[in-house]
Amino acid sequence: MRAALAGALVALCVGATSAHAAGAVPGRLLVGFKPEATSQLQQRLVERAGGRLTRRLAHIRGGVVRARSHVALALIERRLRASSAVRYVEPDFYLQASKAPNDPLFANEYSLASSGAGYVNAQPAWDSRTNCSKVAILDTGTQYNHPDISPNLWHNPHEIQSNGKDDDKNGWVDDYYGVNLVKGKGSGVDDDGHGTHVSGIVAARGNNANGISGLCWSGSLMPVKFMDENGRGSTSDAIDGIGYAIHEGARIINCSFGSSKKSSALNDEVNYAKSKNTLLVVAAGNNGQNIDSKPIYPASFTQGNILTVAATTASGALASFSNYGKKNVDIGAPGSNIFSTYLGSTYKTLSGTSMAAPLVSAAAAMLRAKNSDLTYTQIKDALRDHTQPLASLSGKTVSGGLLNVAPALSSVH
């Protein structure tokens, strides 16, 4: 998983840019308004402060503000903070995807292909189910024509591809294979590689005599591109991405990114997702630290619809790069030397909590495919209550164990 949220959210693979080094989008603020603040009042408050309300984040009663000519952003921030109609004002932090460490001692494809301490017990689950529900990949996009991904790729059935129009009137132009929030139009095509790798872990087409298999042999991958070719994206785009995924029917969203900066706006969006019965599976981050005392977001948010994942090795050890936390990290999953799909219709080995989270997202989607009426609480409890106990995770995670797909699947009806 890459790391960085406040101004930028970053993908969480080992080797990614540090969350602590990430900043904010220049010239932009996120503002949260109180419920009594009408749209007209919001507009007036921003204009009086010297700013322009350039984008509304309506479902969290927020917006994106830019400064007018010759008005300092810091002055606008102070003026807005002074208003009784404003809940918070904060930078539009970057979020960053995380990359993996090139550790030659980590095994390849151990999580699905073998048994042992690092195995997630997938093969017994495949005896009863190989299909999964829709999963939104909130990331750098997905290579839509990768031969191991295209059979499982979601597309917008109400949109005509590349006609320059918003055919379904959902606010996004040409969002045929998901959405590109970086450009503001078009499909969620990957130009970094991180999102394609994550997608393959969830649902590279299985049992097709080609390439690899995801935990889900068949499924529905929804690319929601909010990070750029450097694995960095803004909080506001992440917020829009979660909203887009929910609007298009995803109730499981993989979030392989994070930041050391706490965003009230992103917290609001997590609450919105909670109100829509949506589970956010989040990478714990790659700082090798206890996030109970040194938080990373969204991993350290406390809402019940957050399921935070640490990374383990082939031997069942907690990966040296993985964050942990007895209160804030729910479960472990293999994240070291994970072989998956990559750009150019190729495959690549990466490590990071970014690689651990999508295994858990896939397991959650498998449970939801079995029973679409499950709540996020029921899915989360099934996964946490049926882990394989590991000494390396005892006292380091809520469950003290590794993802254990077969018993979790058997526990739901």
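This is a predicted model, so every value here is computed, not measured.

Asks: Residue-level account of the nonpolar core, with values.
Replies: Core analysis: the biggest nonpolar cluster contains 58 residues, and Leu215, Val309, Val360, Leu383 and Leu403 have the highest contact counts within it. Here the element with the most residues in this core is helix H8 (residues 353–370); it accounts for 11 residues. Ignoring sequence-local partners within four residues, the contact set of Val360 consists of Val281, Leu307, Val309, Ile331, Ala333, Leu383 and Leu403. Ranked by size, the runner-up nonpolar core spans 48 residues in total, among them Trp154, Val224, Leu393 and Leu402.

Asks: Quick one: what's the story with the side chain of Gln42, residue by residue and with numbers?
Replies: By the secondary structure assignment, Gln42 is in helix H1 (residues 39–48). With relative accessibility at 5%, the residue Gln42 sits in the buried group. A polar contact is formed between the side chain of Gln42 and the backbone oxygen of Ala37, at a distance of 3.1 Å. In terms of polar contacts, Gln42 uses its side chain to reach the side chain of Arg56, at 3.0 Å. Those residues in contact with Gln42 that sit more than four places away from it in its chain are Phe33, Ala37, Arg56 and Arg61.

Asks: Hey, could you go over the pairing of strand S14 (residues 338–342) for me, with residue numbers and the actual values?
Replies: If a strand is regular, its side chains alternate between the two faces of the sheet. Of all 5 residues making up S14, 4 are buried, and the element is well covered by its neighbours. In the sheet, S14 pairs with strand S15 (residues 346–350) via 5 bridges, with the strands oriented antiparallel. What sits directly across from Phe339, in S15, is Thr349. In this antiparallel pair of consecutive strands, S14 and S15, the connection spans 3 residues, and Gly344 shows a positive phi of 75 degrees.

Asks: Can you tell me about the confidence of the model for the protein, naming the residues and giving the values?
Replies: Summarising the model, the protein shows a mean pLDDT of 91, and 92% of its residues fall at 70 or more. Counted against residues more than four places away or in other chains, residues 1–7, with its pLDDT under 50, gives 87 contacts.

Asks: Account for the pattern of salt bridges, with residues named and values stated.
Replies: Enumeration over the complete set of coordinates arrives at 7 salt bridges. Where Arg28 meets Asp92, a salt bridge forms, and the shortest distance between an N and an O atom there is 2.9 Å. Remark: Asp92 occurs in strand S5 (residues 86–96) and Arg28 occurs in strand S2 (residues 24–33); sequence separation between them is 64 residues. On the basis of relative accessible area, Arg28 is assigned to the buried category, the value being 14%. For Asp237, the salt bridge is made with Arg55, and the minimal N-O distance between the two is 3.3 Å. Here Asp237, found in helix H6 (residues 235–247), pairs with Arg55, found in strand S3 (residues 51–57); they are 182 residues apart in sequence, far enough to count as distant. Overall, Asp237 belongs to the buried group, its relative accessible area being 12%. What you see here is one network of salt bridges that share partners, running through Arg55, Asp237 and Asp240.

Asks: Tell me about the packing of H8 against helix H9 (residues 376–385), and please be specific about residues and values.
Replies: Two packed helices can be described by the angle between their axes and the distance between those axes. Relative orientation of the contacting elements H8 and H9 amounts to 120 degrees, with a least axis distance of 10 Å. In terms of orientation, H8 and H9 fall into the oblique class. The crossing of H8 and H9 is right-handed. Here H8 contributes Val360, Ala363, Ala364, Leu367 and Arg368 to the contact with H9, which in turn contributes Ile379, Ala382 and Leu383. Counted by class, the contact of H8 with H9 contains 7 nonpolar, no polar and 1 charged residues.

Asks: Which residues make up H1, and what values do they have?
Replies: By the burial criterion, the buried members of H1 are Gln42, Leu45 and Val46. With its buried residues spanning 95 degrees around the axis, H1 presents them on a single face. In H1, those exposed residues whose orientation departs by more than 90 degrees from the buried face are Gln40 and Arg48. Turning to H1, the residues buried within the fold contact S2, S3, strand S4 (62–67) and helix H2 (73–81). Positive backbone phi, at 100 degrees, marks Gly50, one or two positions downstream of H1.

Asks: Please provide a residue-by-residue account of helix H7 (residues 264–275), values included.
Replies: Look at H7: 17 Å from first C-alpha to last across 12 residues, which is about the 16 Å you get at 1.5 Å a residue. Ala265, Leu266, Asp268, Glu269, Val270 and Ala273 are the residues of H7 that are buried. Against S2, S5, H6, strand S11 (279–283) and strand S12 (306–312) lie the buried residues of H7. The N-capping residue of H7, defined by a side-chain oxygen 3.2 Å from the backbone nitrogen of Ala265, is Ser263.

Asks: Run through the packing of aromatic side chains, naming residues and quoting values.
Replies: Scanning all chains against the criterion turns up 6 aromatic pairs. Measuring from ring centre to ring centre gives 4.8 Å for Tyr176 and Tyr177, while their planes differ by 80 degrees; the resulting arrangement is edge-to-face. Looking at Tyr176, the relative accessible area reads 16%, which means it is buried. Note on Tyr297 and Phe301: the rings are 5.0 Å apart at their centroids and 45 degrees apart in plane angle, and the pair reads as tilted. Like Phe301, Tyr297 is buried.

Asks: Give a description of the side chain of Asn323 that names residues and reports values.
Replies: Along the chain, Asn323 falls in the loop between S12 and strand S13 (331–334). Only 2.9 Å separates the side chain of Asn323 from the backbone oxygen of Ala284, close enough to count as a polar contact. Separated by 3.0 Å, the side chain of Asn323 and the backbone nitrogen of Gln289 make a polar contact. Contact partners of Asn323, with chain neighbours within four places excluded, come to Ala284, Gly285, Asn286, Asn287, Gly288, Gln289, Ile291, Ile296, Ala310 and Leu318.

How each quantity is defined
- Residues numbered from 1 in each chain as written.
- Predicted model: local features only at pLDDT ≥ 70, side-chain atom pairs only at ≥ 80, totals over all residues.
- Heavy atoms only, no water.
- Core = buried A, V, L, I, M, F, W, Y, C linked by side-chain atoms within 4.5 Å.
- Buried < 20%, exposed > 50% of the residue type's maximum accessible area, 1.4 Å probe, protein only.
- Helix = DSSP H or I, 4+ residues; strand = E, 2+ residues; numbered from the N terminus.
- Contact = heavy atoms within 4.5 Å.
- Polar contact = N/O pair within 3.5 Å; in protein donor to acceptor, adjacent residues only side chain to side chain.
- Pairing = 2+ DSSP bridges.
- pLDDT = per-residue confidence, 0-100.
- Salt bridge = Lys/Arg side-chain N within 4 Å of Asp/Glu carboxyl O.
- Axes fitted to C-alpha atoms, helices over the stretch in contact; angles between N-to-C directions.
- Parallel < 35°, antiparallel > 145°, perpendicular 65-115°, else oblique.
- Left-handed = near helix turned anticlockwise from the far one by under 90°.
- Nonpolar A, V, L, I, M, F, W, Y, C, P; charged D, E, K, R; others polar.
- Arc of directions from axis to C-beta.
- Expected span 1.5 Å × (residues − 1).
- Phe/Tyr/Trp six-rings, centres within 6.5 Å; stacked < 30°, edge-to-face > 60°.

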